[in-house]
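The chain contents come next:
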Amino acid sequence: MHNRSSIMVSMNKLTIKQRAQVLGALVEGNSIRATVRMTGAAKNTVVKLLADVGSACLDYQDKTLRNLTCERIQCDEIWSFCYAKDKNVPKDKQGQFGYGDVWTWTSLCADTKLVPCWMVGRRDADTADEFMKNLAGRLSHRVQLTTDGHKVYLNAVRRAFGGKGIDYAMLVKVYGPEQEGQKRYSPSPFVGASCRTVAGKPNKEHISTSFVERQNLTMRMSMRRFTRLTNAFSKKVENLQHAVSLHFMYYNFGRVHKTLGVTPAMAAGVANHVWTLEEIAGLADNVSN
């Protein structure tokens, strides 16, 4: 029987196969501590691997996901929190980004299911501006865009896409009152939705946020720190950013989409094969070299 300390391994001793095993546990929705128990890697080793690979994944996708030929884009924001929930943030940290509510902004190509870009930040106008400029810079031509009714999108989209033009619509969903006894565990019942054309001539048949909202569920299932009603959350916003970058690297390049039969990156023409976890783990080596 092994002593636990004898099977703990440090980062510089992990083989590429062991690093892939750690990443595999993380991208399948396991927490840091569960990954430690499953793989035998030390907690600090797992955290450092996540940081190194997450940074490398962000750099790789930032360079690769360019000049995309997407035709229909959907955008949304997903809530999480860091350090503590807003109501529990200490007074000396209140108002500082990374303490309390944190929002991850996501974009998704409705045809290839590729996520061209994302941003971890506040749910405000400045973040919306930066996010939309990032998205606009990755697209090769005019697209149809659908967002929810969050008002900050209006000026952000206009400033980001004003030069190249866009067919843009907002989809505002209406929900009924919360059902008695289900406030914490079930969403309010969906009542209806209204479409608002903001710019250009969006095709009404394709005004939808369904795919990007489904991606939100994938995020909550694939990253433990996004799971609701648990003690799984990011202590530092940097760790959240690394986890999101790793998630989208695996989602875009390493996981075959059931409907498409290929990865989103392959469907979008930015990859020619399904990436293995070993290849993703190796990105950090390429950066260090």
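Residues numbered from 1 in each chain as written. Predicted model: local features only at pLDDT ≥ 70, side-chain atom pairs only at ≥ 80, totals over all residues. Heavy atoms only, no water.

This part is about a positive patch on the surface. A contiguous patch of positive charge, built from R33, R37, K43 and K235, is present on the exposed surface. Taking relative accessible area as the criterion, K235 reaches 52% and is therefore assigned exposed. (Patch = residues over 30% accessible without salt bridge, like charges linked within 9 Å, V, L, I, M, F, W, Y side chains within 5 Å. Areas by Shrake-Rupley, 256 points an atom, 1.4 Å probe, with all protein chains shown as cover. Salt bridge = Lys/Arg side-chain N within 4 Å of Asp/Glu carboxyl O. Lys, Arg positive; Asp, Glu negative; His and termini not counted. Charge placed at Lys NZ, Arg CZ, Asp CG, Glu CD. Buried < 20%, exposed > 50% of the residue type's maximum accessible area, 1.4 Å probe, protein only.)

Of all ten residues in strand 2 (residues 100–109), eight are buried, a share of seventy percent or more. Alignment of strand 2 against strand 3 (residues 118–121), held across four bridges, turns out to be antiparallel. Paired with W103 across the bridge in strand 3 is G121. (Helix = DSSP H or I, 4+ residues; strand = E, 2+ residues; numbered from the N terminus. Pairing = 2+ DSSP bridges.)

With that settled, consider the packing of helix 2 (residues 16–27) against helix 4 (residues 43–64). Contact geometry of helix 2 with helix 4 gives a least axis separation of 11 Å together with a crossing angle of 85 degrees. Considering the angle they form, helix 2 stands roughly perpendicular to helix 4. The residues of helix 4 that touch helix 2, namely those facing R19, V22, L23 and L26, are V46, L49, L50 and V53. Residue composition of the contact of helix 2 with helix 4, by class: seven nonpolar, no polar and one charged. (Axes fitted to C-alpha atoms, helices over the stretch in contact; angles between N-to-C directions. Parallel < 35°, antiparallel > 145°, perpendicular 65-115°, else oblique. Contact = heavy atoms within 4.5 Å. Nonpolar A, V, L, I, M, F, W, Y, C, P; charged D, E, K, R; others polar.)

Attention now moves to the side chain of S222. Mapping S222 onto the fold places it in helix 7 (residues 210–222). Judged by relative accessible area, which is 7%, S222 ranks as buried. Excluding residues within four positions of it along the chain, S222 makes contact with L26, V27, E28, G29, H247 and R255.

Next up on the list: helix 4. Under the 1.5 Å per step criterion, the end-to-end length of helix 4 is 31 Å for 22 residues, consistent within 8% with the ideal 32 Å. Every buried residue of helix 4 is accounted for by T45, V46, L49, L50, V53, G54, A56, C57 and Q61. (Expected span 1.5 Å × (residues − 1).)

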